[in-house]
Each structure stands twice: as structure tokens, then as C-alpha cells.
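Next come the chains, spelled out residue by residue.
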Amino acid sequence: MLKNPTRAIDKVIDNAKNQQILQNRKNIIPIIEAVILCGRQNLALRGHRDSGKIEINDSKVINDNNEGNFREILRYRAQGDIEMKTYLESSGKMKYTSHRSQNNMIDACNKILLDKIVSRVNTAKCFSVLADETADISGVEQVSLCVRYINSNTLKLTEEFLQFVPTNDMTGKGIANLILENLQQFGINTQYLRGQGYDGAAAMAGKFNGVQAHIKEIHPNALYVHCSAHSLNLAVSKSCSVPVIRDCLGTISQIRDFFIYPKRKSVLIQKIENSSETSSKKTLKRSCETRWIERYHAVHDFLELFEYVEEALEDISEWNDNDTSEKARRLRISMLNSEFIICLFVLNKVFALGLVLSKVLQQTNIDLKEAMSLAQNTKQELEEIRLNAEKEFGDIFERVKSLAEKVDIVINMPRISKRQTNRCNIQTDDPEIFYRVSVFIPYIDKFINELEERFTNHQSTLTSFHSLFKESGYEEDFISLTKQYSEDLEDIGNCDEVFKNEFKLWQRKLKSLSETDKPKNAMDAIYICNEAMYPNIFKLLKILATLPVSSATNERTFSTLKRIKTYLRNSTSEGRLNGLAMLSINKNDSITPDEVLVELSNKKRRLAFLL
């Protein structure tokens, strides 16, 4: 008869096994934490020679080899942990510190984070896909896939990165198949796809063979929205094709490039430092053809440093180096030209007007209605400036004359010929009138026309959705909206009367609100919309909020791609790349070593980690 059941052989074996599992978990958790830390902080894990046993050097003698951040973090941590030091220095082979083990942990982190995002997207039951493409350092075309949805728990508008997907097929059909196949592979239910956000390239936006057209054949309610930030940049670029404006920007770029060399740049810095006036700017900035914000800063900084740049070019033009001095002389003559200075002040005023719009369009929490409202406000402000062109340009011209006095030049007009056909030939003796008619007004007109043209499609997309914010009328627009999204609304047998009654109740609620409480965008409306009282209104507002505004989130992922896959890390595999990208980009999602251990245990392991 057994007198001590707790010492039974099966119990002893089970206890020993449990103790071994607990020890295995204790040993590997610091290793997982080191991988997560490197991924979150975007640090390269591997070094020049990072194989073999990790030796813990208590004497703090520096190792000759660069073993990488991962091994150095473990070595540093083990200096205060006897058990971890013993484990790392032991002769056993299963340490989980090799590059293969790192890849397994990174893959596990990738799957955990991706599953969390997919779960939230499927719970939302309404999402838009955002896609953009770039070539990485090794020449592989990487498509960045992101999703836009409303988090059902927090009612917060969210845009999140999914994965980088390599592709060789850059046709519209090829990319469309790639997007849909990968969404399904991730576990996202594509029947809830309600929006597509890309740039305006033919392969993406083509009416017949673009990505959006192929996806709409399968998902008719997946509306395509051209990236609003990209539309704004195109409007800026196209309006800057006015010859005198184009030449001004070209001169700014040439002068900036002239001062990138250290010897020349030191002359400019010396002029700024020796000045009696304090300048917040210390150098000229690059003018990008497609980014409004960079163009504004390039023009604004050049204007602030104008006097110092002129003095620096004057000094450099006296150098013995013929090529450099001759180029400095030509650039100085160009920047002291009356037309250049006028254009500089005009650009500074117009670019400053659109700076806020450009920044807002790149935000995540803005919806299409608010974006179009802001774009319309910007256009109206430009129209107001155009209407008061005489006064507005008069203020600019006064500042131009003030700067001209400082650099000792006179604002004059170009020679006028009676038969001039290749440039503006206004019959006037007043420089202010001449430049107002030849520069200011044509540029403002061009800009207004471009904004109108670029955002026309966005406005047409919102035509029916505008009914959700009106306090009376618009029943026909609302009914057409309910028919378009009948799959998303409550099944009431296509009874228009029920929809109309709900719409009238919603309008009555809007009327009861004060002017300050009235919703300005879809998210404001969602917060005051009782889903139980207005279920169909709530769903339509959710679809409107989910429609993409810009693909700025994809552009931001490209910055992470460049930091992960660098010149020294150009052979990084796709799995490792995506795992590290998910850790670096999706920092709002927590991930614990225990979750990684559970994921690792789904595959057969020589060491057990689960009790």
C-alpha cells in the first residue's frame, strides 16, 4: 500500500517536467525581450561575427569583434543575473540566440501583431485599403499595405500598417490580385472593403485597367479616392509651371545646391554669425518638386537669409577659382533680378496659405468631408486674394521695395517691345502694375484652377453623403445612398419609408443642436449618433469616415523600410523585414514574451515552454 502519494513516480516526473519548463521559460524570456527591444527601437540585431557562445566579461574588457546589438544587450543584462550568465556560458547548443532563433521570434511577433490588427478590422466590419509602392535598397519593389477603419472599442479612426509585399508585376491587374490575395491570406474579410486609397498613377487609378477598376469589379462598393495630399502636391507643381515662378524655384534650387559644399557653406554661415541681427535659420533647405511643406520652407528660409546669401555670393565671386567665382557671380545676378524677388515674395505668401492644409491632409484622424471642406476654404481664400489683387499685391510690393533698398537695387521692369509674343507685354510704366498683371494674377488664377480640377472627383464622391449633415430635404440623396450600401444596412425588405423616417428623426436631432455642437465631420456625427436609435445612419457615417483621405501612412512606412533595409542590411529576408517593420511601426500594440512563447510553441520544439 502506497504510504506517500506525493512521492509517486508519475507525480515526481510531472513535477520535474514542470520545473524544467519553468526554467526554460525563465531562460528564454530575456532573449525574447532583447529581440522585441531591438525591433521597437529599430536597431540592427546582427553584428559582423555573431555566432558561438556568448561570453560574459565581468572585467569590462572590450571585445574586438562587433557581435551586434542583440548579443551585447544579452551580455550587458547577464552581468547582473547569475542564472542568465550561467545559461549563456553553458556548453549546451539550444540557447535560442542564433540568427535562426531570432527569425523564429521575429516571425512570432509579426504574426501576433498582425492577428491583433486583423481581429480589429474584422470586428469593425468596414475598412479601406491603402497601398503604395517603392523600391528598397536591393531593388525589390515593395508594396506597402495599410488599412483604415474605426476601432469598435474606442470609436477611434485608425490607420495601421499590415505588411510589405514584394512584387514583380506592376500592372493594374497584377497589383489588384496581390492586394486582394494578401488581405485574404492575412485573414481579413474582404466583403467589408468599402474604400481604396492610392496615388494617381495610371496603374493604380486607371479607369479601365487600374488597380481600383479591377477591385471594383469584385467589390463594387469599394470607392476609389485619389490621395488628397498627392492631389494638393500636383496642384502646387502644376501651378508652378508659370514660367517666371518656375524660373524662380529653379534659381532657389541652384543656389541651395551651390552652398552644399563645405568651403562655400562656411562663407554663408560666417555671414549669418557675424550679422548684428539674429536669424533662426542657419542654412538653405532643399526644394522638393512634389512636397508643398518642403517647398514652403525652402522659399521661406531663402527669403529670411536673402541678404546673407547675396553677401556670401559676392565674396565667393572674388575667389581665384574661375569656375566657382563665375557661377557665384551669375547666381548673384539672378537673385538680384527684380522679377526673381517679386516671385519670391509671391511664392512665400501662397505657400504659407496652404501649409496648414498640407499638414492636415496627412493626418490619420481626418475624414474626406473635413478634408474637402478645408480644401474649399483654401480655394475661397485664394479667390478672395484674387478679387483684392490690387491691395494684396500692394502689400507684397512694399516689402519687395524694402528688401531692394537693403541690397541696394531698384525694382524695374523688363524692356517692353511693341511686337513681343514670348512674354508678357503690358503697356505700363509702373513696375507694381506690371508685376501684378504679369506674375501675381496669372499664378493665383492657375493655382485656383488646379485646385478646382484636382478636387472635383473628391467632391463628387461625397455628393450623396452630404445629406447626412443636412437638417432638411435631401431625402432622394439619402435613399440613393441606402440603395448603394444596402448590403451594410439592416434588412428591412427594401422599405424606403423606414429609411426615410430614420432620416427625418436624425435631421430633427441635428436641428436641436446648437451651432457649436453641430457635427463638422463624420467622426463628430458618430459620437452623437445613437447606434440603437439610428442604426443605418450610424453605419453610413462609419463608411464615410472610413473612406481614405491620403496615403501618407504608406509614405511613413517607407521611412521605416529605409531604416531597416539599409546598405549593410540589404539581404534581409521578407519575413524578417516584415517582423521588424511591424515591431517598429505598430508601437501602440503591446506584445509580451509570454505571447511570443505561446506562438513559438505552436511548432514542435526540442525545449518545452508551456505547462
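None of the values given here were measured: they were computed from a predicted structure. (Residues numbered from 1 in each chain as written. Predicted model: local features only at pLDDT ≥ 70, side-chain atom pairs only at ≥ 80, totals over all residues. Heavy atoms only, no water.)

A.B. asks: What am I meant to see in the overall build of the protein chain here?
C.D. replies: A tally of regular secondary structure across the protein chain gives 25 helices and five strands. Taken along the three principal axes of its C-alpha coordinates, the protein chain extends 125 × 80 × 45 Å. Across the 611 residues that make up the protein chain, the buried fraction comes to 49%. Considering only contacts within the protein chain whose residues lie at least 6 apart along the sequence, 71% involve residues at least 24 apart. Here the protein chain displays about 31,000 Å² of accessible surface, and carbon together with sulfur accounts for 47% of that area. Taking the 83 positively charged and 81 negatively charged side chains of the protein chain as two groups, their mean positions are separated by 6 Å. (Helix = DSSP H or I, 4+ residues; strand = E, 2+ residues; numbered from the N terminus. Buried < 20%, exposed > 50% of the residue type's maximum accessible area, 1.4 Å probe, protein only. Contact = heavy atoms within 4.5 Å. Areas by Shrake-Rupley, 256 points an atom, 1.4 Å probe, with all protein chains shown as cover. Lys, Arg positive; Asp, Glu negative; His and termini not counted. Charge placed at Lys NZ, Arg CZ, Asp CG, Glu CD.)

A.B. asks: Help me understand helix α17 (residues 431-454) in this model?
C.D. replies: Each α-helix turn comprises 3.6 residues. Residues three or four places apart therefore point the same way. When the terminal C-alpha atoms of α17 are compared, their 33 Å separation across 24 residues agrees well with the 34 Å that a helix rising 1.5 Å per residue should span. Residue valine 437 marks the point of greatest curvature in α17, where the axis turns by about 35°. The opening residue of α17 is aspartate 430, an N-cap whose side-chain oxygen sits 3.0 Å from the backbone nitrogen of glutamate 432. (Expected span 1.5 Å × (residues − 1). Bend = angle between axes of the 7 residues up to and from the residue. Polar contact = N/O pair within 3.5 Å; in protein donor to acceptor, adjacent residues only side chain to side chain.)

A.B. asks: What is the right way to read the pairing of strand β2 (residues 141-151) from this model?
C.D. replies: On a regular strand, one side chain projects to one face of the sheet and the next to the other, so that they alternate. Counting buried residues in β2 gives ten out of eleven residues, a clear majority hidden from the surface. Where strand β1 (residues 127-135) lies against β2, nine bridges are found, and the strand directions are antiparallel. The residue bridging alanine 135 from the neighbouring strand is glutamate 141, located in β2. Two successive antiparallel strands, β1 and β2, enclose a turn made up of five residues, where glycine 139 displays a positive phi of approximately 90°. In sequence, β2 turns back onto strand β3 (residues 156-166) through a hairpin of four residues, with leucine 155 there showing a positive phi of about 50°. (Pairing = 2+ DSSP bridges.)

A.B. asks: I'm lost on the sheet that holds β2 in this one. Help?
C.D. replies: One key point about sheets: their strands pair by backbone hydrogen bonds, in either a parallel or an antiparallel sense. As summarised here, the arrangement of the five strands in space is β3-β2-β1-β4-β5, forming an open sheet in which the pairing is mixed. One side of each edge strand has no neighbouring strand; the edge strands of this open sheet are β3 and β5 (223-226). With direction set aside, neighbouring strand axes in the sheet form an average angle of 25°. Both β1 and strand β4 (residues 193-198) contribute to a ladder of four bridges, which runs parallel. Note on β4: the bridge partner recorded for leucine 130 is glycine 197. On the sheet, helix α7 (residues 211-218) packs against β4 and β5 and is oriented at approximately 175° with respect to β4. (Axes fitted to C-alpha atoms, helices over the stretch in contact; angles between N-to-C directions.)

A.B. asks: Quick question: what am I supposed to make of the nonpolar core here?
C.D. replies: The nonpolar side chains of soluble globular proteins are, as a tendency, buried together. Ranked by size, the top nonpolar core spans 111 residues in total, and within it Ile245, Phe259, Phe302, Phe306, Val309 and Tyr443 carry the most contacts. Broken down by element, the residue count for this core peaks at 14 residues, all from helix α14 (residues 338-361). Isoleucine 245 has contacts with Cys240, Cys343, Leu347, Val439 and Tyr443, leaving out every residue within four places of it along the chain. Residues Leu45, Ala108, Ala124 and Leu178 belong to the second largest nonpolar core, which totals 70 residues. (Core = buried A, V, L, I, M, F, W, Y, C linked by side-chain atoms within 4.5 Å.)

A.B. asks: Which parts of the structure should I look at to understand the state of the cysteines?
C.D. replies: A covalent bond between the sulfur atoms of two cysteines is what we call a disulfide. Applying the stated criterion across every chain yields a total of zero disulfides. Here cysteine 529 stays free of any disulfide, with the sulfur of cysteine 126 as its closest cysteine sulfur at 14 Å. Among the residues examined, cysteine 529 registers a relative accessible area of 7% and is labelled buried. (Disulfide = S-S within 2.5 Å.)

A.B. asks: Just checking my understanding: could you explain the side chain of aspartate 136 for this structure?
C.D. replies: Structurally, aspartate 136 is set in the loop between β1 and β2. A distance of 3.0 Å separates polar atoms of two side chains, one belonging to aspartate 136 and the other to lysine 565. Apart from the residues lying within four places of it in its own chain, the contact partners of aspartate 136 are Gln142, Leu561 and Lys565.

A.B. asks: Honestly, the packing of aromatic side chains in this entry has me stumped. Any pointers?
C.D. replies: Working definition: an aromatic ring pair is given by the centre-to-centre distance plus the angle between the planes. Applying the stated criterion to the full structure yields twelve aromatic pairs. With centroids separated by 6.1 Å and ring planes inclined at 80°, the aromatic side chains of phenylalanine 302 and phenylalanine 306 adopt a geometry described as edge-to-face. Each of the two residues, phenylalanine 302 as well as phenylalanine 306, counts as buried. When the ring of phenylalanine 478 is compared with that of phenylalanine 503, the centres are 4.4 Å apart and the planes differ by 10°; the resulting orientation is stacked. Highlighted residues: phenylalanine 478 in helix α19 (residues 475-484) and phenylalanine 503 in helix α20 (residues 496-512), separated in sequence by 25 residues. Assigned by exposure class, phenylalanine 478 and phenylalanine 503 land together as buried. (Phe/Tyr/Trp six-rings, centres within 6.5 Å; stacked < 30°, edge-to-face > 60°.)

A.B. asks: So what exactly am I meant to see when it comes to a nonpolar patch on the surface here?
C.D. replies: There is a patch of nonpolar side chains on the surface, built from Ile137, Tyr567 and Leu568 and spanning about 420 Å² of accessible area. Tracing the chain through its elements places leucine 568 in the loop between α23 (552-564) and α24 (574-585). (Patch = residues over 30% accessible without salt bridge, like charges linked within 9 Å, V, L, I, M, F, W, Y side chains within 5 Å. Salt bridge = Lys/Arg side-chain N within 4 Å of Asp/Glu carboxyl O.)

A.B. asks: Where do I start with unusual backbone geometry in this structure?
C.D. replies: For residues other than glycine, phi is negative in most cases, and the peptide bonds are mostly trans. Within the chain, lysine 125 stands out as a residue other than glycine whose phi angle is a positive 60°. Mapped onto the fold, lysine 125 is located in the loop between α4 (99-124) and β1. Its identity as a non-glycine residue notwithstanding, leucine 155 has a phi of 50°, on the positive side. In this fold, leucine 155 is placed in the loop between β2 and β3.

A.B. asks: So what exactly am I meant to see when it comes to the pattern of salt bridges here?
C.D. replies: Scanning the model with the defined rule gives 30 salt bridges in all. Between arginine 194 and aspartate 488 there is a salt bridge; the shortest N-O distance is 2.9 Å. One end of the pair, arginine 194, is in strand β4; the other, aspartate 488, is in the loop between α19 and α20, with 294 residues separating them in the sequence. Comparing arginine 194 with aspartate 488, the two get one shared label, buried. A salt bridge links arginine 256 to aspartate 257; its shortest N-O distance comes to 3.3 Å. Residue class for arginine 256 comes out partly exposed when judged on its relative accessible area of 24%. Note on aspartate 257: relative accessible area 39%, which makes it partly exposed.

A.B. asks: For this particular structure, what's the right way to read the environment of asparagine 66?
C.D. replies: Residue position: asparagine 66 is located in the loop between α1 (9-40) and α2 (68-78). Taking the C-alpha atoms as reference points, asparagine 66 and arginine 46, separated by 20 residues in sequence, lie 8.9 Å from one another. With residues up to four places along the chain from it excluded, the contact list for asparagine 66 reads Gly47, His48 and Arg49.

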